[in-house]
Amino acid sequence: MTKTGIFGGSFNPIHNGHIALARQLREAAGLDEVCLMVSPQNPLKQQRSLLSDDLRLQMAQRAVADEPFIHVCDYEFHLPRPSYTWNTLQALKADNPDREFVLMIGGDNWEGFHRWYRADDIIRNYQIIVYPRRGSVIDTASLPSNVTVVEAELLDISSTEIRRRVRQGLPVTDMVPASIIDAVMSYYQT
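A short tour of the structure in this document, coming up.

The rules we used
All residue numbers refer to positions counted from 1 along the written sequence of the respective chain. Per-residue local features are limited, in this predicted model, to residues with pLDDT of at least 70; the limit for side-chain atom pairs, both in listing and counting, is 80 or more; totals at the level of whole chains, interfaces and linings are taken over all residues. Only hydrogens and water are set aside; all other atoms, that is, all heavy atoms of the structure, feed into the side-chain values. Only DSSP runs of H or I covering at least 4 residues are called helices, and only runs of E covering at least 2 are called strands; the numbering of each starts at the N terminus. In this scheme, a residue with accessible area under 20% of its type's maximum is buried, one over 50% is exposed, and one in between is partly exposed, where area comes from a 1.4 Å probe on protein chains only. Distance and chemistry together define a polar contact, namely a pair of N or O atoms within 3.5 Å, with one atom able to donate a hydrogen and the other to accept it when in protein, and with adjacent residues in sequence counting only for side-chain atoms on both sides. Residue contacts are defined here by distance: any two heavy atoms, one from each residue, within 4.5 Å place the two residues in contact. Summarising the geometry, the arc corresponds to the directions from the helix axis toward the C-beta atoms. Strand pairing requires that DSSP identify at least two bridges connecting the strands. For helices, the axis comes from a line fit to the C-alpha atoms of the stretch in contact; other axes are also lines fit to C-alpha atoms, and the angle between any two N-to-C directions lies between 0 and 180 degrees.

## Describing the environment of Ser 158
In step 1: Relative to the assigned elements, Ser 158 resides in the loop between β6 (147–149) and α6 (159–167).
In step 2: Linking Ser 158 and His 15, residues 143 residues apart in sequence, is a C-alpha distance of 7.6 Å.

Written as structure tokens, this is what we have:
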């Protein structure tokens, strides 16, 4: 059975930190592949400065074109909105019974996980990989048995910082893959 990590996000834009983290978590957790799930709408985030679904999807696809174990999908684009992780995981499981899906989230998301739609059902039915984020505190002693903290090198890059730098005319060449630099500079200037 193929073990697929689901790493969701708006990827507005995708950056080198996302890709490095996907590589590290795939290896550390023994996953066969990682699916970067481009989310059309996060119910816990506002939509300010969010590029269109298609632009974010295209940039993410170009960014990981040479990554053999990382792929990008638009699966949530075809589900009812807002996008709830429980609904996504259940639909994926129904459409792909030959795969085991593992949810990959940051420590900041784990801290607020109790607010997620059907959080208890997710915990009962899926393995969850949590990676530390700066400023998040994870009480490993009280984690459910199917929730694992995986240490990963944190690259100090954020999509918010990339957008800010582009608007200020500053370089982002070390922050995003070379394959999408022109698109990032063009799309986020305004």
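## Some points on the side chain of Thr 4
In step 1: Looking at the secondary structure, you find Thr 4 in strand β1 (residues 2–9).
In step 2: Residue Thr 4 is classed as buried on the basis of its relative accessible area, which comes to 2%.
In step 3: A distance of 3.2 Å separates polar atoms of two side chains, one belonging to Thr 4 and the other to Arg 99.
In step 4: Excluding residues that lie within four positions of it along the chain, Thr 4 makes contacts with Glu 33, Cys 35, Arg 99, Glu 100, Phe 101 and Val 102.

## So, helix α2 (residues 53–63)
In step 1: Within α2, burial applies to Asp 53, Arg 56, Leu 57, Met 59, Ala 60 and Ala 63. One side of α2 holds all its buried residues, which, seen down the axis, span an arc of 165°.
In step 2: Buried residues belonging to α2 abut α1 (16–29), β2 (33–38), β3 (70–73) and α7 (181–187).

## What about the sheet that holds strand β4 (residues 99–106)?
Strands belonging to one sheet form pairs held by backbone hydrogen bonds; the direction of such a pair is parallel or antiparallel.
In step 1: On the basis of which strands lie adjacent, the open sheet formed by 6 strands has the order β3-β2-β1-β4-β5-β6 and parallel pairing. Taken across any chain shown, the strands that pair with only one partner, and hence form the sheet edges, are β3 and β6. Across the sheet, the axes of successive neighbouring strands diverge by a mean angle of 30°, strand direction being ignored.
In step 2: Relative to β4, β1 runs parallel, the two sharing 6 bridges. Paired with Thr 4 across the two strands is Phe 101, which belongs to β4.
In step 3: Along the sheet, α2 contacts β2 and β3; its crossing angle with β3, the most-contacted strand, is approximately 165°.
In step 4: Against the sheet, helix α3 (residues 85–95) touches β1, β2 and β4, its axis set at about 160° to β4.

Shape descriptors only; they carry no functional weight alone.
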